[in-house]
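# Per-entry structural report
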Amino acid sequence: MIIGSIISAQDQYIVRVATEADAKNLSELRVQIDGETENLDREQGESNINESEFIRIIRDDHERERNLFLVAEVDNSIVAYSRCEGTTLKRLSHKVQFGVGVLKEYWGYGIGTSLLKQSLHWADTSGIKKVTLSVLETNKKAIQLYHNHGFEVEGILKHDKLLSDGIYYNTVVMGRLMG
């Protein structure tokens, strides 16, 4: 699956399903993105996923009908990724968890929005009834984006993350029912 989108008059990006050939780049990209923002759960280098582990994840995602792993490329370089992960547990099989990461250099170009839209389209056409996610309370742009795409706040995890400023922040748990 490839979807073309425009960043600016000069640049283009594509969104496509991740392949095993992307594993090394994804391992490096994840570490870089983790170091560029405190909006994610990990600090740079924590809970590292190496190339062989990414190959396993991508392989598993291709085999599981409740998983989707997308990447966005600019000039043949991966600059962002998103993943929907479901479960085989019968009571939870109607939903997936969404996560996204975009290199800071590419914030504001709509790449994260495109990954979200493609993921929601996939979910809606794959029989997924609910998409969930969590977002740091200070990430107002992301919260607004998710609201704009049908997500509602389902709860707040109080004092959930300790950031570099020594302050505990809340995590907003959001969900979107199939629209």
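As a reminder, the structure under discussion sits directly above these lines.
Quick look at the structure, then. Since the model is a prediction, treat every value here as computed from it, not as a measurement.

### Comments concerning helix 3 (residues 111-125)
With 15 residues, helix 3 extends 21 Å from end C-alpha to end C-alpha; this agrees with the ideal 21 Å at 1.5 Å per step. The first or second residue beyond helix 3 is Gly127, which carries a positive phi of 80 degrees.

### What to know about the side chain of Lys161
Relative to the elements of secondary structure, Lys161 occurs in strand 7 (residues 152-162). With relative accessibility at 10%, the residue Lys161 sits in the buried group. A polar contact of 3.3 Å, which involves the side chain of Lys161, links it to the side chain of Thr171.

### Section: the environment of Gln144
Considering the arrangement of structural elements, one finds Gln144 in helix 4 (residues 140-148). At a separation of 2.8 Å, a polar atom in the side chain of Gln144 contacts the side chain of Asn148.

### A closer look at the pairing of strand 3 (residues 68-74)
Walk down a regular strand and you will see the side chains alternate between the two sheet faces. Among the seven residues that make up strand 3, seven are buried, leaving the element largely enclosed by the rest of the structure. The alternating pattern of strand 3 places Leu68, Leu70, Ala72 and Val74 and Phe69, Val71 and Glu73 on opposite faces, both of which are buried. Relative to strand 3, strand 2 (residues 12-17) runs antiparallel, the two being bridged by five bridges. Note that in strand 3 the partner of Tyr13 across the bridge is Val74. Pairing analysis gives seven bridges linking strand 3 to strand 4 (residues 77-85), with the strands arranged antiparallel.

### Points about unusual backbone geometry
Negative phi is the rule for most residues except glycine; trans is the rule for most peptide bonds. Positive phi outside glycine occurs at Asn76, with the angle close to 65 degrees. Judged by its relative accessible area of 71%, Asn76 falls in the exposed class. Backbone geometry places His159, a non-glycine residue, at a positive phi of 50 degrees.

### Quick notes on the packing of helix 1 (residues 23-36) against helix 2 (residues 51-63)
Packing of helix 1 against helix 2 leaves a shortest axis separation of 8 Å and a crossing angle of 110 degrees. As far as their axial angle goes, helix 2 and helix 1 are roughly perpendicular. In the crossing of helix 1 with helix 2, the sense of the turn from one axis to the other is right-handed. Taking contact as the criterion, the partners of Ala23, Lys24, Leu26, Ser27 and Arg30 in helix 1 are, on helix 2, Glu51, Phe54, Ile55 and Ile58.

### A few points about the pattern of salt bridges
On inspection of all chains with the given rule, the structure shows nine salt bridges. The salt bridge partner of Arg83 is Glu85, with a shortest N-O separation of 3.3 Å. On the accessibility criterion, Glu85 (39% relative accessible area) is partly exposed. Measuring nitrogen to oxygen at the nearest pair gives 3.0 Å for the salt bridge that ties Lys130 to Glu154.

### Section: helix 2
The end-to-end C-alpha distance of helix 2 is 19 Å, a good match for the 18 Å that 13 residues give at a rise of 1.5 Å each. Inspection of helix 2 places Phe54, Ile57, Ile58, Asp60 and Asp61 among the buried residues, and these make up the whole buried set. Buried residues along helix 2 cover an arc of 165 degrees about the axis, so they all sit on one side. Its buried side turned inward, helix 2 meets helix 1, strand 3 and strand 4.

Analysis parameters
- Sequence positions are assigned chain by chain, starting from 1 and proceeding in written order.
- Per-residue local features of the predicted model are confined to residues with pLDDT of at least 70, and side-chain atom pairs are confined, for both listing and counting, to 80 or more; whole-chain, interface and lining totals are unaffected and use all residues.
- Side-chain measures here rest on the full set of heavy atoms in the structure, leaving out hydrogens and waters.
- To qualify as a helix, a DSSP run of H or I must reach at least 4 residues; to qualify as a strand, a run of E must reach at least 2; elements of each kind are numbered from the N terminus.
- One less than the residue count of a helix, multiplied by 1.5 Å, gives the span that helix is expected to have.
- Only protein chains enter the calculation, and the probe is 1.4 Å; a residue is then buried if its accessible area is under 20% of its type maximum, exposed if over 50%, and partly exposed in between.
- The definition of a polar contact used here is a pair of N or O atoms within 3.5 Å, where within protein one atom must be able to donate a hydrogen and the other to accept one, and adjacent residues in sequence count solely through side-chain atom pairs.
- A pair of strands is labelled paired if DSSP reports no fewer than 2 bridges between them.
- Angles run from 0 to 180 degrees between N-to-C directions of axes, and those axes are lines fitted to C-alpha atoms, restricted for helices to the stretch in contact.
- Orientation labels follow simple angle bins: below 35 degrees gives roughly parallel, above 145 gives roughly antiparallel, 65 to 115 gives roughly perpendicular, and whatever is left gives oblique.
- Crossings are sorted by hand: turned counterclockwise from the far helix by less than a right angle, the near helix makes the crossing left-handed, and turned clockwise it makes it right-handed.
- Note on definitions: a residue-residue contact is assigned when non-hydrogen atoms from the two residues lie within 4.5 Å.
- Salt bridges are defined as contacts in which a side-chain nitrogen from Lys or Arg sits within 4 Å of a carboxyl oxygen from Asp or Glu.
- Our arc is simply the arc of the directions from the helix axis toward the C-beta atoms.

Everything listed here is a matter of geometry and, on its own, says nothing about what the molecule does.
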